[in-house]
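Chain by chain, the residues run as shown.
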Amino acid sequence: MRLYYIAGNWKMHKTVNESVALARELAARLSCCKEKVMIAPAFTALSEVAKVIEGTNILLGAQNMGPEEQGAHTGEVSVLMLKDLGVKVVILGHSERRHTYLESDALINRKVRLALAQSLEVILCVGETLEEREGGRLEKVIDTQLCEGLAGVDGAALDRVTIAYEPVWAIGTGKTATPEDADAVHAYCRKVVAALYGEQKAKAMIIQYGGSVKADNAAALMAKPNIDGALVGGASLKAESFVPIAMFR
Ligand code: PGA
């Protein structure tokens, strides 16, 4: 059976208590969910949320990490600290990191390689701005973000990489790419992976769509042949909006 991967990115929302309450509700309501499910609370809530979801079918994710294992990096959180808390997955290259905090493909690649070397799973986010799309540069942007983001990652480690295609213009805006548009970009991502790692790896690659995914568009998006899951922001902040996405079938 095809595996779908539904991830919730809580971004800079929720206190520890609020995070624990949501994690408890999700653990109860998603216990029979057959999809792969991950939630990524804020760093400050990871340790308490880890206790709530331990032994459940929900994976613990982090939203970012520093590019070094340790050292003089004020304000950064290290991969070793994340592992210490039970984090299994890290989201890297999110468009908010790229555009607001000016993370380059080279920096994202250092994080990707470090996370994989430390046995974590990675969700590598890619996506174009509206200006890039309208200027005909969509494929070039995706190609660069994937090739540079995955530089130096060997085929064996690729099994722990998920790609999230998140058109920047669709994030938090209520504008979703149509299933057809998204599927075409997912197919292109797969083509890039095939060129880098071969057809078999490209076929096996899980590619999530992200950008205003809601209960009422999730099923249509994931019905497309190249859309294998969703990276959900706003709708992941409440059980009543996240559960129907994770239980879309
Ligand atoms: P959104 O965010 O679902 O609120 O559009 C998605 C994301 O940024 O991962």
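Look up: the structure comes first, before these words.
Attention in this report is confined to the structure presented alongside it. (Residues numbered from 1 in each chain as written. Predicted model: local features only at pLDDT ≥ 70, side-chain atom pairs only at ≥ 80, totals over all residues. Heavy atoms only, no water.)

1. Here's the deal with the pairing of strand β1 (residues 5–9)
Short version of the rule: Residue exposure (1.4 Å probe, protein chains only): buried if accessible area is under 20% of the type maximum, exposed if over 50%, otherwise partly exposed. Numbering of helices and strands runs from the N terminus, with a helix taken as a DSSP run of H or I at least four residues long and a strand as a DSSP run of E at least two residues long. Any two strands with at least two DSSP-identified bridges between them are counted as paired.
In terms of residue burial, β1 counts as a mostly covered element, since 5 of its 5 residues are buried. Of the two faces of β1, both are covered, the one formed by Tyr-5, Ala-7 and Asn-9 as well as the one formed by Ile-6 and Gly-8. Two elements, β1 and strand β2 (residues 36–40), share 5 bridges in a ladder whose sense is parallel. Pairing of Ile-6 across the sheet is with Val-37, part of β2.

2. Some details on the sheet that holds strand β7 (residues 207–210)
This is how it is decided: Comment: axis = line fitted to C-alpha atoms, over the contacting stretch for helices; angle = value between 0 and 180 degrees taken between N-to-C directions. Residue contacts are defined here by distance: any two heavy atoms, one from each residue, within 4.5 Å place the two residues in contact.
Spatially, 8 strands are ordered β1-β2-β3-β4-β5-β6-β7-β8 in a closed barrel, and the strand pairing comes out parallel. Put simply, the sheet's adjacent strands are angled 25° from each other on average, direction ignored. Of the strand pairs in this sheet, strand β4 (residues 89–92) and strand β5 (residues 121–126) are connected by 4 bridges, and their pairing is parallel. If you follow Val-90 over to β5, its bridge partner there is Val-122. Those strands touched by helix α7 (residues 138–149) are β5 and β6 (161–165), and its axis lies near 155° from that of β5.

3. Topic: the environment of Glu-18
Among the secondary structure elements, Glu-18 is positioned in helix α1 (residues 16–29). As a C-alpha pair, Glu-18 and Ala-219 span 201 residues in sequence and 28 Å in three-dimensional space.

4. Describing α1
Just so we agree on the cut-off: By definition here, a helix of n residues has an expected span of 1.5 Å times n minus one. Read the arc as the range of directions from the helix axis to the C-beta atoms.
For α1, built from 14 residues, the straight-helix expectation of 20 Å at 1.5 Å per residue is met to within 8% by its first-to-last C-alpha distance of 20 Å. Considered for burial, the residues of α1 that qualify are Ser-19, Val-20, Leu-22, Ala-23, Leu-26 and Ala-27. Buried residues of α1 fall within an arc of 165° about the axis and therefore sit on the same side. Structural note: α1 exposes Asn-17, Arg-24 and Ala-28 on the side pointing more than 90 degrees away from its buried face.

5. What about the site of the ligand?
Filter applied, for reference: When at least one non-hydrogen atom of a residue lies within 4 Å of a molecule or strand, that residue is treated as near it. Two N or O atoms count as a polar contact when they lie within 3.5 Å, although within protein this holds only if one can serve as hydrogen donor and the other as acceptor, and sequence-adjacent residues are included solely when both atoms are side-chain atoms. Using a 1.4 Å probe, accessible areas were evaluated by the Shrake-Rupley method; residue-level cover was limited to the displayed protein chains. All amino acids are sorted into three groups, where Ala, Val, Leu, Ile, Met, Phe, Trp, Tyr, Cys and Pro are nonpolar, Asp, Glu, Lys and Arg are charged, and the leftover types, Gly among them, are polar.
Surveying the vicinity of the ligand reveals 13 residues, the closest of which are Lys-11, His-94, Glu-166, Gly-172 and Ser-212. Take Lys-11: an N or O atom from its side chain is 2.7 Å from an oxygen atom of the ligand. Between the ligand and His-94, the relevant distance is 2.6 Å, taken from an oxygen atom to a side-chain nitrogen or oxygen of the residue. Across the complex, the protein chains shield 96% of the 280 Å² of accessible surface that the ligand would expose by itself. Its residues placed into classes, the shell around the ligand shows 4 nonpolar, 7 polar and 2 charged.

6. Quick word on the nonpolar core
Selection rule: The set of buried Ala, Val, Leu, Ile, Met, Phe, Trp, Tyr and Cys residues whose side-chain atoms join them within 4.5 Å is what this entry labels a nonpolar core.
Within the largest apolar cluster, 76 residues are counted, with the highest numbers of intra-cluster contacts made by Leu-26, Leu-30, Ile-39, Val-90, Ile-142 and Tyr-209. Of the residues forming this core, the biggest block, 7 residues, is contributed by helix α8 (residues 179–197). Ala-7, Cys-125, Ala-164 and Ile-206 belong to the second-largest nonpolar core, a separate cluster that totals 11 residues.

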